[in-house]
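What follows is each chain in one-letter form.
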Amino acid sequence: MPAVSSLLLWICSVFVLTTAPDAQGPGPALRMAAILDSQSSRCGRGERLALNLATDAINEQLQGSSRGRVEVDVFELLKDSQYHTTDTMCQILPKGVVSVIGPASSPASGSTVSHICGEKEIPHVKIGPEETPKLPYLRFASVSLYPSNEDLSRAVSAVLRSLSFPTASLICAKAECLLRLEELVRHFLISRETLSVRMLDESLDPTPQLKEIRDDKVATIIIDANASLSYAILRKAKELGMTSAFYKYILTTMDFPLLRLDDVVDDHSNIVGFSLLNRTHPLQQEFSGSLRLSWREGCAQSHGPGPSISSALMFDAVHVVVGAVRELNRSQEIGVKPLSCSSPLIWQHGTSLMNYLRMVEYDGLTGHIEFNSKGQRTNYTLKILEKHRGGHREIGTWFSNDTLVMNSTSLDLNASETLANKTLTVTTILESPYVMLRSRHQEFSGNDRYEGFCVDMLRELSDTLRFSFRIKLVDDGQYGAPEPNGSWTGMVGELINRVSAALHYKGLKLMCNVATLVPLS
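For the structure given in this document, a descriptive report is provided here.

### Comments concerning the overall build of the chain
Tallying secondary structure elements over the chain gives 15 helices and 20 strands in all. Relative to its full complement of 521 residues, the chain shows a buried share of 49%. Restricting the contact set of the chain to residue pairs at least 6 apart, pairs at least 24 apart contribute 66%. Accessible surface for the chain amounts to roughly 24400 Å². Of this, 53% is attributable to carbon and sulfur atoms.

This is the structure we're talking about:
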């Protein structure tokens, strides 16, 4: 029979794993189902290991008793589609589960799971972003551990307000981002501030959008994309010279702490994001250490510095469900029964368990967990992180009551303040009266060989802003002209390629012309 079952599941393209055998003791096991949409191996996001760690931690407290022992059936989705998800749910229902957890990053599948759970009155615990548009369900039967779209919009808006950024650009990986960040977009619509939205096409190449932002002189950029695509966008921004102190980036991905940006950030970069993780939780070190050990032993590729948000939420979801079941058991002995997609039967204790789930309060790996009447997470915090070489540092905290507390951060600095103790290379062309060779210039060296209006102004600026500079004549002696391949020659080419530090002078008219080509940041 096991061989037949395995064959049937293979035909259905869904793999099933039971984390523990059926309990053979005086009381029934507490069984739930988890749906994963990451890689099936241990080299995925760590969700499978998170489930094992959560069940082991809970079962160890039972001191050998099988009554109330937690068991999780793990199902893997090979495709984010209504058909595959329905087929998976029809395999879950006969097992008699008290709850379904996940998936983390399959919007279509998540909606299907919530719909079927609503019909059968089985609580669905969501660990991924809200689906957009939000679909109506026959019955309200879900709670979400993931921050709501409205909360994410309010957090981004709060950071923008605190840093006084009136104009921003939003880069969207998917069209749904306008629905995800609806509250943020509405904030700009009702204010006098400006938000430009740029959508990536199917190629997901951000080059055209970044160049448009650069040409528009927009300094604040919001990136709504997953962690890997956010990294690709920042890499391209680095290539285009858009990670200087002039630019500020705000990322919406909750996996921001895992982003390795050592090849992107420097001393002037301003890249901030959010974290839901509670670094002070007693199990945080053990959880992260177990993940790293598992990856080190079984994975060829390198992984991030800690758990993904989906694995931490999966860990917390198991504890939340167990806590609600135990509280419900104090008032009534609940039992589970096999259900079927072809039968109208529902789980008679589902509504009661949902009520207890909405009353749960738990401090987990993702901080304080509590739900409002709609099943959305409430009374929690998001840490505001700023990236630097080698990691990140915490610069503030956003509270779900829309309160923001910011620490001192380099984002508060004016770009000019970052010039202190720096040496700039100034590329220019000889032209009177702006930059000229002094008489007997052969007797001098360095900047002392030059004089003129721009040279005098550079010396005054360097004294005021405490930077040093080196004057360099343009290699080809030209102002610059476009090449067939899109590159530029001359002074403009050197500016774009960042050979120079971006101070160019050739009269007001030339300065305006150059400013239409590249940002003088």
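### Remarks on the nonpolar core
Core analysis: the largest hydrophobic core is formed by 87 residues, its most contacted members being Met 32, Met 89, Val 100, Leu 145, Phe 274 and Val 318. Sort the elements by how many residues they give to this core and helix α11 (residues 309-329) lands first, with 13 residues. Not counting the four nearest positions on each side in its chain, Phe 274 is found in contact with Ala 155, Val 156, Val 159, Ile 250, Leu 251, Thr 253, Met 254, Phe 256, Pro 257, Leu 382, Lys 383 and Ile 384. Listed in part, the 26 residues of the second largest apolar core include Ala 227, Ala 237, Phe 256 and Leu 385.

### Describing the packing of helix α2 (residues 47-60) against α11
Between two packed helices, the angle of one axis relative to the other and the distance separating the axes together describe the packing. Remark: α2 packs on α11, axes separated minimally by 8 Å, with the N-to-C direction vectors making an angle of 35°. In this structure, the crossing between α2 and α11 has a hand that is right-handed. Residues Glu 47, Ala 50, Leu 51, Leu 53, Ala 54, Thr 55 and Ile 58 of α2 form the contact with α11, whose own contacting residues are Ser 310, Ser 311, Met 314, Phe 315, Val 318, His 319, Val 322 and Arg 326. The class makeup of the residues in the contact of α2 with α11 is nine nonpolar, four polar and two charged.

### A closer look at the state of the cysteines
Under the criterion given, the structure shown has two disulfides. Covalently, Cys 90 is tied to Cys 341 through a disulfide, its sulfur atoms 2.0 Å apart. In this structure the cystine formed by Cys 90 and Cys 341 twists about its S-S bond by roughly -110°; its chirality is therefore left-handed. Linking Cys 90 in helix α3 (residues 82-92) with Cys 341 in the loop between α11 and α12 (350-357), this pair joins segments that are 251 residues apart in sequence. Judged by its relative accessible area of 29%, Cys 90 falls in the partly exposed class. Cys 341 gets classed as partly exposed once you look at its relative accessible area, which sits at 38%.

### What to know about the sheet that holds strand β14 (residues 381-388)
Strand order in this open sheet of eight strands is β8-β7-β9-β10-β11-β14-β15-β16, and the pairing throughout is mixed. Each edge of the sheet is formed by a strand with only one pairing partner; in this case those strands are β8 (194-199) and β16 (403-406). Averaged over all adjacent pairs, the angle separating strand axes in this sheet is 25°, with direction ignored. Judged from the four bridges that link them, strand β7 (residues 167-172) and strand β9 (residues 220-224) form a sheet pairing that is parallel. Its bridge partner being in β9, Ser 169 is matched across the sheet by Ile 221.

### Quick look at the packing of aromatic side chains
Enumeration according to the criterion identifies two aromatic pairs in this entry. Look at Phe 246 and Tyr 247: their rings are 4.9 Å apart centre to centre, the planes differ by 90°, and that puts the pair in the edge-to-face class. A relative accessible area of 25% means that Phe 246 is categorised as partly exposed. Each ring, one from Tyr 380 and one from Trp 398, has its centre 6.3 Å from the other, and the planes form 65°; the classification is edge-to-face. Highlighted residues: Tyr 380 in the loop between β13 (367-370) and β14 and Trp 398 in strand β15 (residues 391-399), separated in sequence by 18 residues. The side chain of Lys 387 reaches across the aromatic face of Phe 256, ending 5.1 Å from its centre.

### Notes on the packing of α3 against helix α4 (residues 107-120)
Closest axis-to-axis distance for the α3/α4 pair is 9 Å, and the angle between their directions is 40°. Taken together, the axis directions place α3 and α4 in an arrangement best described as oblique. Crossing of α3 against α4: the hand is right-handed. Here Gln 82, Thr 85, Thr 86 and Met 89 of α3 lie close against α4, whose contacting residues are Ser 109, Thr 112, Val 113, Ile 116 and Cys 117.

Rules of the game
Residue numbers here run from 1 along each chain, matching the order of that chain's written sequence. Only residues with pLDDT of at least 70 are given local features in this predicted model, and only at 80 or more are side-chain atom pairs given and counted; all residues enter the totals for whole chains, interfaces and linings. Calculation of side-chain values draws on the structure's entire complement of heavy atoms; hydrogens and water are dropped beforehand. Runs of E in the DSSP output that reach at least two residues are strands. Runs of H or I that reach at least four are helices, and both are numbered from the N terminus. The classification of residues rests on relative accessible area computed with a 1.4 Å probe and restricted to protein chains. Under 20% of the type maximum is buried, over 50% is exposed, and intermediate values are partly exposed. By definition, residues are in contact when any of their heavy atoms lie within 4.5 Å. Under the convention used here, a 1.4 Å probe and the Shrake-Rupley method define accessible areas, while residue burial counts only the protein chains that appear. Definition used in this section: a nonpolar core is a set of buried Ala, Val, Leu, Ile, Met, Phe, Trp, Tyr and Cys residues joined via side-chain atoms within 4.5 Å. Every axis in this analysis is a line fitted to C-alpha atoms, fitted for helices over the stretch in contact. Angles between the N-to-C directions lie between 0 and 180 degrees. A clockwise turn of the near helix away from the far one marks a right-handed crossing, whereas an anticlockwise turn of less than a right angle marks a left-handed crossing. Residues are grouped as follows: Ala, Val, Leu, Ile, Met, Phe, Trp, Tyr, Cys and Pro are nonpolar; Asp, Glu, Lys and Arg are charged; every other residue, Gly included, is polar. Defined by distance alone, a disulfide is two cysteine sulfur atoms within 2.5 Å. Pairs of strands are assigned from DSSP output, requiring at least two bridges between the strands. Centre distance within 6.5 Å is the pairing criterion for rings of Phe, Tyr and Trp, where only the six-membered ring of Trp is used; planes under 30 degrees apart are then read as stacked, over 60 as edge-to-face, and the remainder as tilted. Only when the NZ of Lys or the CZ of Arg is both within 6 Å of the ring centre and within 35 degrees of the ring normal is a charge said to sit over the ring. Roughly parallel refers to an angle under 35 degrees, roughly antiparallel to one over 145, roughly perpendicular to one between 65 and 115, and oblique to any angle outside these ranges.

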